[in-house]
2 protein chains.
Amino acid sequence: MQFADRLNNVETSAIRELFKLLGKPGIISFAGGFPDPAMFDIEGIKEASSKALNEEPGGALQYGATEGYGPLREQLSSFMAGKGVTVQPEGLIVTTGSQQALDLLGKTLINPGDKVIVEGPTFLATIQCFRLYGAQVISAPIDAHGVKTDELEWLIAEHKPKFVYLIPTFGNPSGALLTLERRRQVLEMAVRHQTLVVEDDPYGDLYFGEAPPPSLLSLSDSVPGSRELLAHCGSLSKVLSPGLRIGWMIAPPALLANAVMCKQFSDAHTSTFAQATASQYLKAGRMPATLAHVRKVYGQRAAAMGNALKRELGAAVAFEQPQGGLFFWASLTGEGGKTRDAGEFAKKAIEQLVAFVPGAPFYAANPDLATFRLSFATADVGKIEEGIARLGRAV
Amino acid sequence: MQFADRLNNVETSAIRELFKLLGKPGIISFAGGFPDPAMFDIEGIKEASSKALNEEPGGALQYGATEGYGPLREQLSSFMAGKGVTVQPEGLIVTTGSQQALDLLGKTLINPGDKVIVEGPTFLATIQCFRLYGAQVISAPIDAHGVKTDELEWLIAEHKPKFVYLIPTFGNPSGALLTLERRRQVLEMAVRHQTLVVEDDPYGDLYFGEAPPPSLLSLSDSVPGSRELLAHCGSLSKVLSPGLRIGWMIAPPALLANAVMCKQFSDAHTSTFAQATASQYLKAGRMPATLAHVRKVYGQRAAAMGNALKRELGAAVAFEQPQGGLFFWASLTGEGGKTRDAGEFAKKAIEQLVAFVPGAPFYAANPDLATFRLSFATADVGKIEEGIARLGRAV
C-alpha cells in the first residue's frame, strides 16, 4: 500500500517510546498533559447529561449543524463574555476538542511549503498537525514572559508566514505568561504585517493568583484592525472534561465559513450528545465553582512542586514558578558537572520510578536538549514531593 | 486572507441552496439523509450514559487512546462477530462518525492528483471529502444491483486508482444492493489488480425482508488475499444515534496505524463520553430489539412510499423498490412530455410544499439530471402518502 507523501512530514516516535514506559508499577508520572480526573465534576456532568436527554433528546441524539449546537454556541458566547470577549453565537463554531480547530486551520489555510511561525517550544501536536498539511514550521524564541516579540517581528518580516500560532497564557510546555505589553505588540505587528495570529487558549482559566492579562482576543478591541486578523481557540478539556471533546474557534467570518466547510467533510459535526451536555452544564451555572476548585488545587500542587524542586534539586535545575496552567518548564544547568541532557535524565528518572517529558520534541527546530516538562496536575501534593525527591536522586 | 488551494476543489452550494428552502412552514421533507429521531432508544441511551458515568467516570471523561476506548472496541468486535466478521478489538479503530473514517482515508492515502473510483452516484460528502485531499474522483456506473463490475474492472485497469470506494449495501443515494456474485467479483478484482477497496456500510443492518448478502469484509475470508486489500467503515449513526458520532474502521494493520497517527492530529480521539455510553449500550444487549424495531418501521414506510409513487406518479417516474436503507432513487421518464429535469421538478415540488434532493450532486461526473433521491425515513406513513400526492401534483 502506497501512503500519501504528507505522512513523511511527521514523526511521532519520540514521546511514544517514553509513554510505553509509564506502565511500570509504582511509577509517579509528571509526563502527561492531562487534567486530574479527581477534579471532574461528575455529579454536575451527570445532571447535565440527564437534562439534555430529557429536555432535548432530538437535539442531543440527531445530526446537528456543522457549526455547532445552537444552545451551546449561546452558552459559549456568554462564557466568553465573562472573559471580556464580545462574540455573537454565530461568531464561533464548536470543534471536536481544540485539536480539531488546529486541524481545520491547517486544512483551510496551509498549502504545502507555506510557512507557519510557532513558539519554540510549543505544543508538539500543533507542530505535527501543521506539518501534515505540508507547512514549514518556524520557531520564534521565548523567555519567561512568553514569545520575544522583537524576534517574532523579524521572523514575520523575513518569512511572511501564513499565520503565527501562540499559546500566550500559561503555554504548553513553557508555562509562560505573555505580558500585557507584548500582547499589544503582537496585535500591532499582526496589523502592521497583515498576518493572521492564532491564539490557542486552553489554560487561560487555570490561574492561581490574580487573573492573567486579557486574551489577545479580548485586547483586540483596543487595537484597530487586529480582530480581523485573529483566530482564537478555546476548550473545555482542561477545565471541565477532555472526554467531552468540546472546543471552539472564534475567527473572522470568511475563515470561519471555510473552516465549517472543511469540518463538514472531517466529521460532519461534533457529538451533539456531548454538546447538549456541555450546554446544560454551562447553563446550570456550575462553571464558576468548578473553576475555583480547580484553580485552588492546581495552585497548591504547583507551589508544592516549586518548593520541592528547590529543595531536592537546588542549583541543578533552573525554572520559573508558573502562575497558572499545568506545567513547569525546567532546564538542567549542568551545575557540579551533572548531565545537561534531559533525555539521559529522563532514563535515569524512570529507573527511580518517576517520569517526565524531555523538552526536545516541543521544538520545531533547534531543540534545547537541557529542557524538560513536568506536569503538576495529576499527582497530589504527597506524590509530588515523593516524585521530586526521586528526581533529586536521579539527577 | 489567502486560503489553501485545496478549497478550490470542492463545491457545496448545490444542496445548501435547497436546504435553505426546507424551513418553509408546512413542508413535508424527503430530502434529508437522517434517521427518524422517534426511533431513538432514549431510555436505553440514558441508562447507558448513567452507567458509564457511575461505573467508569474516569474512562468516560478523561483523555483516551486515539485508537478508541478499549471496552467499546471490544463491544464493536462482538457486534461485528454477529454480522459474520472476525475482528479483534485491536483490528478496529473508533472514528468520530464514519465521515471521519473517510477523512482519515483521504489524509492517509491521497496525494494531490491521485485517482479514486466511486459509484456514480454516491454519497456526496465522500466526493467532496476526497477532493479536498486533491483526489481526481472517477465514477463507475451502477444499475439496480449496484456497481457494474465489468465496467469497474475496466476503470481500475485504466486508472490504477489509489482505492475504490463502494457502498455495497443499500447505497446512498441509490438504495441499490450489490449481488453476492458481484461482491465476489469486486474482491477478486481487488486481488487481481492489487487495489484497495473501501466498503462503507452504514445501512447494512437496515434490511426489511431477508438479510442482504454478507458484507465484502465478511466475504473476504473466502477470497484469498482480499482481506489485506479491504477497509470497512461502520457506524452507529443510522441504527442508534448520529449525535453520538460513533463510527469505526477495520483495515489492514499498516493502514490502521497510519490512520491513528493522522487521527491524533485531527481530534486526538473520539469523545470518550460518547464512546463509554455506546459501549454500555451495546453491552446491555439492547441493540437487537432496537434494530428489529427500526427495520419494521422503515420497512412499512418504504412500502408505503413505493405504493404511493406508483399510484400518484405512475409512468412519470421509474424506480426500484429498495429492500433496505433509507432511500428511494428515482428517475423522471419524461412520459407524456413531462419534464425530465429533476432540478426543475424539485422547484415545483417546493411550491407544493414537498422537498427532495435532485440527483446531480451525487455524481462525481456526468450527472443524470433526471434522477432524484427520496428519503422515507423521517416521515410517517400518513405524511409519506400526503407528500407523494403533492409530488404527483408537481410533476
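Residues numbered from 1 in each chain as written. Chains lettered and ligands numbered in written order. Predicted model: local features only at pLDDT ≥ 70, side-chain atom pairs only at ≥ 80, totals over all residues. Heavy atoms only, no water.

**Let's talk about the overall build of chain A**
Looking only at helices and strands, one finds 14 helices and 14 strands in chain A. A compact globule built from 395 residues would reach a C-alpha radius of gyration of about 21 Å, and chain A, at 21 Å, matches this within 12%. With respect to the three principal axes, the spread of C-alpha positions in chain A is 60 × 55 × 50 Å. A buried classification covers 64% of the 395 residues belonging to chain A. Excluding contacts between residues fewer than 6 apart, the proportion of contacts in chain A whose partners are at least 24 apart in sequence is 74%. Accessible surface, chain A: about 13700 Å² in total, of which carbon and sulfur atoms supply 51%. Charge separation in chain A, taken as the distance between the mean sites of 37 positive and 40 negative side-chain charges, equals 4 Å. (Helix = DSSP H or I, 4+ residues; strand = E, 2+ residues; numbered from the N terminus. Rg over C-alpha atoms; globule rule 2.2 N^0.38 Å. Buried < 20%, exposed > 50% of the residue type's maximum accessible area, 1.4 Å probe, protein only. Contact = heavy atoms within 4.5 Å. Areas by Shrake-Rupley, 256 points an atom, 1.4 Å probe, with all protein chains shown as cover. Lys, Arg positive; Asp, Glu negative; His and termini not counted. Charge placed at Lys NZ, Arg CZ, Asp CG, Glu CD.)

**Overview of helix H12 (residues 287–313) of chain B**
Counted at 1.5 Å a residue, the expected span for H12 of chain B with its 27 residues is 39 Å, and the 37 Å between its end C-alpha atoms agrees. The positive-phi residue at the C-terminal boundary of H12 of chain B is Gly314 of chain B, with phi of around 50°. (Expected span 1.5 Å × (residues − 1).)

**Quick word on the pattern of salt bridges**
Close approach of charged atoms lets side chains of opposite charge pair. Residue and element names in this part refer to chain B. For the coordinates displayed, the defined rule picks out 32 salt bridges over all chains. The partner of Glu43 in a salt bridge is Lys46, and the shortest N-O contact between them spans 3.3 Å. Taken together, the residues span about one helical turn, with Glu43 and Lys46 both in helix H2 (residues 42–55) at a distance of three residues. The residue Glu151 makes a salt bridge to Lys148 at a minimum N-O spacing of 3.9 Å. Assessed through its relative accessible area of 27%, Glu151 is described here as partly exposed. (Salt bridge = Lys/Arg side-chain N within 4 Å of Asp/Glu carboxyl O.)

**A look at the packing of aromatic side chains**
The geometry of an aromatic ring pair comes down to the distance between the two centres and the angle between the two planes. By the definition in use, this model includes 27 aromatic pairs over all chains. Where Phe328 of chain A meets Phe376 of chain A, the ring centres are 5.7 Å apart and the plane angle is 85°; that geometry is what we call edge-to-face. Taken together, the residues Phe328 of chain A in strand E11 (residues 327–332) and Phe376 of chain A in the loop between strand E14 (371–375) and helix H14 (381–394) connect sequence positions 48 residues apart. Taken together, Phe208, Phe319, Phe328 and Phe376 of chain A form an aromatic cluster joined through their ring pairs. Positioned above the aromatic ring of Tyr207 of chain B is the side chain of Arg295 of chain B, whose terminal nitrogen or guanidinium carbon lies 4.1 Å from the ring centre. (Phe/Tyr/Trp six-rings, centres within 6.5 Å; stacked < 30°, edge-to-face > 60°. Lys NZ or Arg CZ within 6 Å of the ring centre and 35° of its normal.)

**Some details on the relation of the copies chain B and chain A**
Superposing chain B onto chain A takes a rotation of 180° plus a shift of 0.0 Å along the axis, which leaves an RMSD of 0.0 Å. Here the symmetry operator amounts to a two-fold rotation axis. Both copies share a contact surface, since 100% of the interface residues of chain B are interface residues in chain A too. (Least-squares fit on C-alpha atoms with pLDDT ≥ 70 in both.)

**What about the pairing of strand E4 (residues 136–143) of chain A?**
Remark: a regular strand shows side chains that alternate across the two faces of the sheet. All names here are of chain A. With six bridges joining them, strand E3 (residues 115–120) and E4 adopt parallel strand pairing. Opposite Ile117, over in E4, you have Ile138 as the bridge partner. On the question of chirality, the crossover connecting E3 to the parallel E4 by way of helix H6 (residues 124–132) is right-handed. Where E4 lies against strand E5 (residues 146–147), two bridges are found, and the strand directions are antiparallel. Within E5, the residue paired with Asp143 across the bridge is Gly146. Counted between consecutive antiparallel strands, the loop separating E4 from E5 contains two residues. (Pairing = 2+ DSSP bridges. Right-handed = clockwise from strand over helix to strand, strands pointing away.)

**Considerations on the packing of helix H4 (residues 70–81) of chain A against helix H11 (residues 272–283) of chain A**
All names here are of chain A. Closest axis-to-axis distance for the H4/H11 pair is 8 Å, and the angle between their directions is 40°. By the angle between their directions, the pair H4 and H11 is classed as oblique. Of the two possible hands of crossing, H4 and H11 adopt the one that is left-handed. Note on element contacts: H11 touches H4 through Gln275, Ala278, Ser279, Leu282 and Lys283, opposite Pro71, Leu72, Gln75, Leu76 and Phe79. (Axes fitted to C-alpha atoms, helices over the stretch in contact; angles between N-to-C directions. Parallel < 35°, antiparallel > 145°, perpendicular 65-115°, else oblique. Left-handed = near helix turned anticlockwise from the far one by under 90°.)

**Digging into the UniProt feature "domain: Aminotransferase class I/classII large" (unreviewed entry) in chain A**
UniProt feature "domain: Aminotransferase class I/classII large" (unreviewed entry): in the numbering of this structure it lies at residues 45–391 of chain A. For the annotated span residues 45–391 of chain A, helix accounts for 44% and strand for 17% of the residues, and the straight-line distance between the end C-alpha atoms is 37 Å. (UniProt positions renumbered as here; feature names shortened; annotations may be inferred.)

**Some remarks on the sheet that holds E3 of chain A**
Residue and element names in this part refer to chain A. Reading across the sheet, the eight strands line up as E2-E9-E8-E7-E6-E3-E4-E5 and stay open at both edges, with mixed pairing between neighbours. Only two strands of the sheet have a single neighbouring strand rather than two, namely strand E2 (92–96) and E5. Direction of pairing for E2 relative to strand E9 (residues 246–250): antiparallel, over a ladder of five bridges. Bridge pairing links Ile93 to Met249 in E9. Helix-sheet contacts for helix H8 (residues 180–193) involve E4, E5, strand E6 (163–166), strand E7 (196–200) and strand E8 (230–235), and the interaxial angle to E7 is about 145°.

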